[in-house]
Each structure stands twice: as C-alpha cells, then as structure tokens.
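Commentary on secondary and tertiary structure
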Amino acid sequence: MSRDATTIPTADFEEAGATPGDSAPARSDGRRKAPDGEAHRVTPMMAQYIEIKAAHPDCLLFYRMGDFYELFFADAEIASRTLGIVLTKRGKHLGEDIPMCGVPVERAEDYLQRLIAAGHRVAVCEQTEDPAEARKRGGKSVVQRGVIRLVTPGTITEDNLLDPARANLLVAVARRRLSDTEWAYGLAAVDISTGRFTVTEVSAAGLAAEIARLEPRELVVPDAVYDDADLAGLWRETRAAVTPLAREGLDPASAERRVKDYFGVASLDAFGQFTRSEVAAAAAALAYVERTQLGSRPPLSPPSREAAGGTLAIDAATRANLELTRTLSGERPGSLLATIDRTVTPGGGRLLAERLAGPLTEIAAIARRQEAVAFLVGDSLLHERLRQALAAAPDIARALARLTLGRGGPRDLAALRDGLAAAGALARLLAASGDLPEELAAARAALETPDPALAGRLAAALADDLPLLKRDGGFVREGYDPALDEARALQADSRRFIAALQARYAAETGCRTLRVKHNNVIGYFVEVPQATGEDFLRPPFNETFVHRQTMAGAMRFSTVELGELEARIASAGERALGIELAIFDALLGEVVAATEAVKAAAEGLAVVDVTAALAKLAADLGWVRPQVDTSLAFRIEAGRHPVVEAALKRDGAAFVANDSDLSAPEGAAAGRIALVTGPNMAGKSTFLRQNALMVVLAQMGSFVPARAAHIGLVDRLFSRVGAADDLARGRSTFMVEMIETAAILNQATARSLVILDEIGRGTATFDGLSIAWAAIEHLHEVNRCRALFATHYHELTALAERLVRLGNVTVRVTEWQGEVVFLHEVVAGAADRSYGIQVAKLAGLPPAVIARARTILDELEKSDREKPVSALIDDLPLFAASVRSAPAAPAAGPQRDGLREALDAIDPDDLTPRAALEALYRLKSLRAAED
Ligand code: ADP
Ligand code: MG
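Residues numbered from 1 in each chain as written. Chains lettered and ligands numbered in written order. Predicted model: local features only at pLDDT ≥ 70, side-chain atom pairs only at ≥ 80, totals over all residues. Heavy atoms only, no water.

It is worth spelling out the overall build of the protein at this point. Scanning the protein from terminus to terminus reveals 32 helices and 27 strands. In the protein, which comprises 931 residues, the share counted as buried stands at 48%. Counting only contacts in the protein whose residues sit at least 6 apart along the sequence, the fraction spanning at least 24 positions is 68%. Of the roughly 43000 Å² of accessible surface on the protein, a fraction of 54% belongs to carbon and sulfur atoms. (Helix = DSSP H or I, 4+ residues; strand = E, 2+ residues; numbered from the N terminus. Buried < 20%, exposed > 50% of the residue type's maximum accessible area, 1.4 Å probe, protein only. Contact = heavy atoms within 4.5 Å. Areas by Shrake-Rupley, 256 points an atom, 1.4 Å probe, with all protein chains shown as cover.)

Okay, structure coming up:
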C-alpha cells in the first residue's frame, strides 16, 4: 500500500455543527481568512484527533467515540471501501465535508481482520480516562485518548486474525555495501505469534527469491532501499504489506545494542556470527515489534542464522508457476501444499508449509528427515497412535505468545494444558518404541522438556467450561482453592437466602405473585402487581417496602434485607473474581517462566506431526523414498503429478505414470535435456511440472510419487511458462517471459534443474522459434544443467542430432476415426505433427473453418518441404561457435530499410492468425524486391 495513503492534512481542522460545548477559538494559520467565524473552528476533539493521527500517519486510526471506533478523512474512505460500510460526514474542513465512517466496538475484531487482510495497519485509539473525569475539568474538555496498540499484518497474535496454517512473518530488510555496485541484503524474519526469529544474508540477485520463500505478511524496509529503482518491482509485486521506515539512526553499534538489549545478553556471539546487515535487519525488526506492541516484548527466540545456500533456491516466478503453496490465482486449495497436507495440528501445518517452501540442499539433513518418515511408514501402529495423540494438541505456540503479551485468556491456559498433555503422551509413545531415528529422538527430547508438574497444575486449576475473558470469572475448577470455594459458597448461599426471602415476603403479604428480581440499574428488588403495590405504599407494609419504580401493571420496592444481601453477594463475587484473577496470574507466571520449554514442546509436536503426515501420505498413496545424493542423476520411474492425479481421481480417472531420465551421461559433468513435443492437451506441461515437484518433495525430506527415483542434489530450480500460457498473471507480455528466461540462462548451474514450457510462444513464429532454439543451445553448452523443454516447434527436434545430451521425447496421441485421442504417455522420439487442427475440431470450431485450415496447412507444408527449417540446422553453426564469431553490434545503416520498417510496424501480440500470415507474405515480397 502506498505509504501516504492514510495521511491527512495537518492544517487547521474545522468543524461546523459541532457539539454546543465544543467551541474552542479558531486557530488561524494565516493562510486564509475565515469567511465566517463559526464555520472555521477546530473543536478540541478534532484537535486531539489530528494530533494523534499525526503521530501514526501510516496507520488507519480507529478513534474511540462511545460504542464506535470512528475513522475520518482518507482513513474513512479507505475503510468504507475495504469494508463496504457507509461513508458519512461530520463537519467541514477547509470548507469541505469531512468523510467519516465507524465500526461498532463489539464487532471491531471482524473489521480489523478484514483491514489487516487487505494489508492495512490500524492504530487503536481508546479513551484513557472516565468521561466523568473529563467533565470535571469543565464542559469543553475532551476525554483523554491514547493509542493503545498498533495492529499490523506482521505483528498480530489473535487467533481470529491469524491463519492457523501459515506462519505470520514480519521481515525486516537492511543492506550493506560490498563494492561500488554491489549490495548484500540482510533479512530478519520474526513471527511474534510463535517466537520464531531467523536472519540471513543474500545477494541482490537472491533477494526476491528469499522474500518469496519467506512469504512475509509484512515487510519493513529502510527508505533508501524502498526508493531504490531496481527494487521497485519487488515491493510492488509482493503480497506483503510494505512499510518503508525512516532511518532511525540505526548505526551498527546501536543496532547491535538493541538486539543485545532485547535478549538481555552482553554479546551476540552466543547466538552465532552475524553480518552487519543481518544485525541491522534484526534490530529493525525488533524496533518495529516494540513499536507496534507499544513496548511489550513478545517471547522471541534468539536470532538463528540460516546459512545462505542451505535451501533450494526457487525464485518467485517458479514458485508461482509450480503452485507450491498457492495456485496461480492465489488460493491454497489446488496447490501442492494443500494436496499433500495430512498434518493434524496448526503447528505441524505451518512447519510443513515452511519445509515445502524451503527444501534443503544438504544430503545429511535430507536423509535425517527421510529416515524419520521411513521409520513411521514401517510402523503403522505407532504411526496411528501418534496421529491420535497429535489430534488433541492445540496451538500452544500461539497461545504462549498471547499469554506473554498479556492478551491471553483462560482458553489459552487450557490450550497449554492440553498441548503439554499431548506432548507428554507423544513422548511416552516414542520412548516405548525403542531405537528412534535421529529426528524423532530429538523431537522426543524436545517434547519431554516441560516439567510435567506444569501441565498437572493447569489441569487441576482449570474448569471444564471456560469463558473467553478472564474478567468473566468462573474458570477455576471447584476444589482447587479453598478460599475461592468459600466465596463461591457464600454467593450460592445468598441466592438461597433470596429464594427464602421471596417465600417469606409472599407469605407475610399474602401476595403469591410477589417476586424478587434483579437488574443492573436498581439491583435486587421486590416486584408485585399494581394493586398489591398500592397496599405496599401504606402501613404496615411501607415500613418494610420502599417504593422504587412504578411500571405498567407492576410496582417495584426495595427492602433493607435485600440491600444487605445484595452487598454480601457483590462482595463475595468480587472476592471470588479477585481470587480467580490471582490464580490466573500465578499460572501465567509459571507458564511464562517455562517459555523455553513450552516452545521446545511446540516444536517437537510440529516435527512429529509433519513426519507422521508425510508417512501417512507415502503409505496411502504408495510413494517411495527417493535416493538423493551428490551425483547429477535425475532418473524417475513411473512418476506422477500429485495434484493432477488427485484431481483426476476425484473424477474417477487414472493418471498415466511416466519415466524420465535427465541424468548426466557417464563421465560427463553436465545433465541431459529432454525436448518434449506433442499436441496441445497431450500432457507436456504436466510432465514438466511433475519432474520439478519431484525435486521439491525429495529435498524437503518427503517421499515422492513414483515407483523409484534417483535425484542428484539440485541447487536451483527454475520453471517458466511461455507468455501465451501465462494467463493468470493477467499481463501476457512477451517481455516478462523474456526477462524470466534471461534470469534462467544467466543463473542456472550444472546442478540446477530447469523446466521451460513453450518459451517463445508470446511472439511471432520465427522470432519464437529462434529464441527457443538459441536458449536450448545455451542450456546445453553454457548452463549444462538438467532440463526439460516443452515446445510446439517441431523444427527443434532436429537439434538432437547436433547436441549430444539433447534427447527428444513426445507425449503420445493416436487418431481414431479422425479424432485425436490423448494417451498421456511419454515416449522417446518426436511428435510427427502438432494435431492442432484435430484439437481445434475437438474444441468445436465450425467445420468450415476446420476444412479451410486443412487446406492452408497443406499449402504451408508444401512450401516448407521446399525449404525445410530443419535444413537450417546444417546451415547454422552451433551456439558456441556462433557466439565466438558473432559480430559486436550490427551497425545501424543510415539508408532506408523497408523490410526493417515493415517488421518494426508489426505487433505480434495484436495479430489474428490471418493477419500474421498476410504479414509474413508481405515481408517475403519485400525481401524478394530487395534482391
Ligand atoms: P499440454 O501442456 O501438452 O497442453 P497439459 O499438461 O496441460 O497438456 O495436460 C492437459 C490435461 O491432460 C491435463 O489437465 C490433465 O487432465 C491431462 N493429463 C496430463 N497428463 C496426464 C497424465 N499423465 N495422465 C492422465 N491425464 C493427464
Ligand atoms: Mg502446456
């Protein structure tokens, strides 16, 4: 969001039709003359509003007025648009109406959630004194107000504002200069809802990919970085809310001091070695957290450093294209994550998402996770029991964060009670199953960290049914505290007394319909019908009954005895609540003291959950453990695409499994490239993606959907789709396709896996063919990576004769009674033709169009046979040779060049097929005229 979207004019603020008492003298700023004194006054309340708003220019200000939070000016416009609530007006400013809208306080959480989801920040401004106090200061005084909290997307802890299945990261960015042209970027990622805190440093080229991996809800970025033209696209495209920060004098020394101070340590060495940009980013994150929490310090873990290169590099475009954690349209259902998620706890769901977003690049770490999954696949009984125990575990990480920040309630304590009990149960199950693999042994140790006495005490103290708020009382179990039981008994006794009193009054007055009732205005009272009430006003009854109210058909009286009882009930109630709150605080103190142990247990729960979930997936769907090593192998037997397979299964259709082999040939330090041809809808894209997903799954430590898989560690994964296929991004520009292709050709190493899907499709045929051709040569000769390249340019299949590690595969189709039948089977060889016309027929193009297309195709094929493109292969030197001999830059000829002008005038994105054909003929004839 734009950073000044919510700023308001800070000049004088005037309000016509203000409340009668609000008539402070007009402040003159000298820039204008008030046309009439009355209309140009700033009420004290609006003056207060402006002052508070000025201190929080980047937030929407929720300004408390009675039962509403009101928003004014641009804030009101934004909120009414985002929330779909009515925009009204209140008074005038510079002669214009002041826009206003409001949300009721009791529904504020709902509205907050929607504003936060839309990426806004909200400052919640409350009345900080009793209005009666303000009145005492005089009629014109405004109630004191102050901002009690900043709610921002990256710093929330409330359950209903958070997505249980996703980490909620605030990422701060800082940078340091490496050379005149190069920067290193430090990133600090904080999740205050769970305490996670990691830092890392990346190069400028790796910045976007790292942010895509972290998928933050909110980014805080120094002004200078925010304004860097090279990064403007990054801030614009990210899903996160981006907050530019003025440099707050965070020089290296004060940055370090801030981090040390937060964790109360004398040196950061104990946490690891950090670069200057990492410390700066960490300090910026902490400063922002403290600012939004108004000084409260959530229980963060000390920063842990994530080594650069420790995870598989996957850039944002590849992530989006492979639909790892969300689909191209931004939703979770339909993504790889949603398809493989079998976790049963929120913490497990978040860890799975994190592992999927950042697969590993270290063999030992991958093997460690695989071991654990294999162990549970092999012990289905233990596996089932673990999952049952897990199902009872609430989100203790987030409950802990709320409690520590003073926002927790009885239900958060109960979450800890149940979560710690589940942790204990899991630890016992694991302990009973002998020789655990390393990952599960570590999880077991973590699960055992909390003192069981804490869970025991929580269980003893908390009642079964719990109120949301502690101030409602009634959450401490009977029998836990004798003094509390006594106070409660007194309350209960008093109620019995009241019942007895009612019976006695009824007997004494002879009024059988006499009732003792209670309301918040007059407390306890006796209510009788009108006629009886008249009697009560006279002796002897008026000695006992004091008249309070006359209602339609009834009268109300108080008595001395009732008054005494009421006082007793109230004081017993107060005492009981006081005791309960003290018990809450004591339990809270114990929980906070056990923060580290609780966090360890939460992590243990998550690890066991993810491991069990991956084991379940593997067992249910018949996935296998891939062999992952440091070779350059890539051999998949009977691989499947998990998402497409699941979708087909829902329709009762079967997925056709396919092999692939991109392994480097014996003795070569370079992988193979498979050129995939086949008609539209044959399954090319599916085949490409399933192989890329295989890498993600294998390196995150999961089993894979195949009969067997051997994958040599991949350092970077790239995936691109030709612009014409890339509809969901809503800007089918050839430029984007080329920028992304350039990134691959510039970055892919011999350890990378590249999939290119119909690159060159977004432009005219010959352009596209040439670009695809050159790109393949570059991949083969320069990048030397393992790659899959799907194309509809059959001409390219001839390249296999010249490029030794290039092989052709095709997705089979057959024709049956003139219709094309898709077999989805990938076999060696090249497609003989593209079946475009058959597919068009299948799609229901009018028969006349189909027939005409066949005629045109025949003509085109005839001319192609006279000068086939494949013949060009022999005419053109290979990429490497041509690079060496390429002239620097063609000198621009001063003379008119008709052919070039005609070419320039063509906008390929704008052409119908027919116009394209005509253009082609025109170019040909121009060329002929030149000779
Ligand atoms: P292409 O990229 O060749 O146009 P896609 O990969 O988009 O084709 O696949 C088109 C459709 O074919 C998919 O949506 C899917 O329903 C089906 N399909 C693809 N591959 C398979 C397969 N291996 N087994 C079964 N159905 C498949
Ligand atoms: Mg495709």
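This next bit is on the sheet that holds strand S3 (residues 88–93). Read across the sheet, six strands follow the order S3-S4-S2-S1-S5-S6 without closing on themselves; strand pairing throughout is mixed. The sheet is open, and its two borders are formed by S3 and strand S6 (145–151), each paired with just one other strand. Here the strands of the sheet are splayed against their neighbours by 30° on average, with no regard to which way each runs. As paired elements, strand S1 (residues 60–65) and strand S2 (residues 68–72) share three bridges and run antiparallel to each other. Note that in S2 the partner of Arg64 across the bridge is Tyr69. Lying on the sheet, helix H2 (residues 73–83) is in contact with S1, S2, S3 and strand S4 (96–104); it crosses S4 at an angle near 50°. (Pairing = 2+ DSSP bridges. Axes fitted to C-alpha atoms, helices over the stretch in contact; angles between N-to-C directions.)

Neighbouring ligand 1 are 14 residues; Val656, Met681, Lys684, Ser685 and Thr686 lie closest to it. The backbone of Val656 places a nitrogen or oxygen atom 2.8 Å from a nitrogen atom of ligand 1. Within the complex, the protein chains bury 79% of what would otherwise be the 560 Å² of accessible surface of ligand 1. With three residues, helix H24 (residues 684–699) is the single largest residue contributor to the shell around ligand 1. Considering only residue class, the shell around ligand 1 consists of seven nonpolar, six polar and one charged. (Near = heavy atom within 4 Å. Polar contact = N/O pair within 3.5 Å; in protein donor to acceptor, adjacent residues only side chain to side chain. Nonpolar A, V, L, I, M, F, W, Y, C, P; charged D, E, K, R; others polar.)

Moving on, we come to the sheet that holds strand S24 (residues 753–757). Whether parallel or antiparallel, the strands of a sheet pair through hydrogen bonds between backbone atoms. A sheet is described by the order of its strands in space; here seven strands give the open sequence S13-S23-S24-S25-S21-S26-S27, paired in mixed fashion. The strands lining the two open edges of the sheet, one partner per strand, are strand S13 (313–314) and strand S27 (819–828). For S24 and strand S25 (residues 786–790), the ladder comprises five bridges, and the chain directions are parallel. Counted as the bridge partner of Asp757 is Ala790 from S25.

A word on the pattern of salt bridges. This model, assessed by the stated rule, comprises 50 salt bridges. Its salt-bridge partner being Arg121, residue Glu218 comes within 3.8 Å of it at the nearest N-O pair. A residue pair is termed long-range when its members are at least 10 positions apart, and Glu218 in strand S10 (residues 218–222) and Arg121 in the loop between helix H3 (108–117) and strand S5 (122–127) qualify at 97 residues. Considered together, Glu218 and Arg121 belong to a single accessibility category, that of buried residues. (Salt bridge = Lys/Arg side-chain N within 4 Å of Asp/Glu carboxyl O.)

Here we come to the pairing of S24. Within S24, five of the five residues are buried, which leaves it mostly tucked inside the rest of the structure. Burial along S24 is two-sided: the residues Leu753, Ile755 and Asp757 and Val754 and Leu756 are all buried. With five bridges connecting them, strand S23 (residues 716–721) and S24 associate as parallel partners. By the bridge assignment for S24, Phe718 is matched with Val754.

This part takes up helix H18 (residues 452–461). Residues of H18 that are buried include every one of Leu454, Ala455, Leu458 and Ala461, and no others. Taken down its axis, H18 places every buried residue within 135° of arc, on the same side. Structurally, H18 contributes buried residues whose contacts are with helix H16 (410–431) and helix H21 (560–593). (Arc of directions from axis to C-beta.)

Next up on the list: helix H19 (residues 482–509). When the terminal C-alpha atoms of H19 are compared, their 40 Å separation across 28 residues agrees well with the 40 Å that a helix rising 1.5 Å per residue should span. Leu484, Ala487, Gln491, Ser494, Ile498, Leu501, Tyr505, Ala506 and Thr509 are the residues of H19 that are buried. In this structure, the buried side of H19 is in contact with strand S14 (515–519), strand S15 (523–529), helix H20 (530–536) and H21. Measuring from the side-chain oxygen of the N-cap residue of H19 to the backbone nitrogen of Ala483 gives 3.0 Å; that N-cap residue is Asp481. (Expected span 1.5 Å × (residues − 1).)

Further remarks concern the packing of aromatic side chains. The final tally for this structure, using the stated rule, is 13 aromatic pairs. With a centroid separation of 5.2 Å and an interplanar angle of 45°, the aromatic rings of Phe536 and Phe541 are classed as tilted. Take Phe536: its relative accessible area is 1%, and that puts it in the buried class. The exposure class of Phe541 is partly exposed, given its relative accessible area of 22%. Site record: aromatic cluster; members linked through ring pairs are Tyr505, Phe536, Phe541, Phe545 and Phe557. Here the basic side chain of Arg64 rests over the ring of Tyr69, its NZ or CZ set 5.7 Å away from the ring centre. One residue, Arg175, lies across the ring of Trp183, its end atom 3.9 Å from the ring centre. (Phe/Tyr/Trp six-rings, centres within 6.5 Å; stacked < 30°, edge-to-face > 60°. Lys NZ or Arg CZ within 6 Å of the ring centre and 35° of its normal.)

Close contact between helix H17 (residues 438–447) and helix H22 (residues 595–621) brings their axes to 7 Å; oriented N to C, the two are set at 145°. You can see that H17 and H22 cross each other, and the crossing is left-handed. Residues Glu439, Leu440, Ala443, Ala446 and Leu447 of H17 touch H22, and the partners they reach there are Ala600, Ala601, Gly604, Leu605, Val607, Val608 and Thr611. When grouped by side-chain class, the residues that make up the contact of H17 with H22 number nine nonpolar, two polar and one charged. (Left-handed = near helix turned anticlockwise from the far one by under 90°.)

Everything listed is a geometric property; what it means functionally is a separate question.
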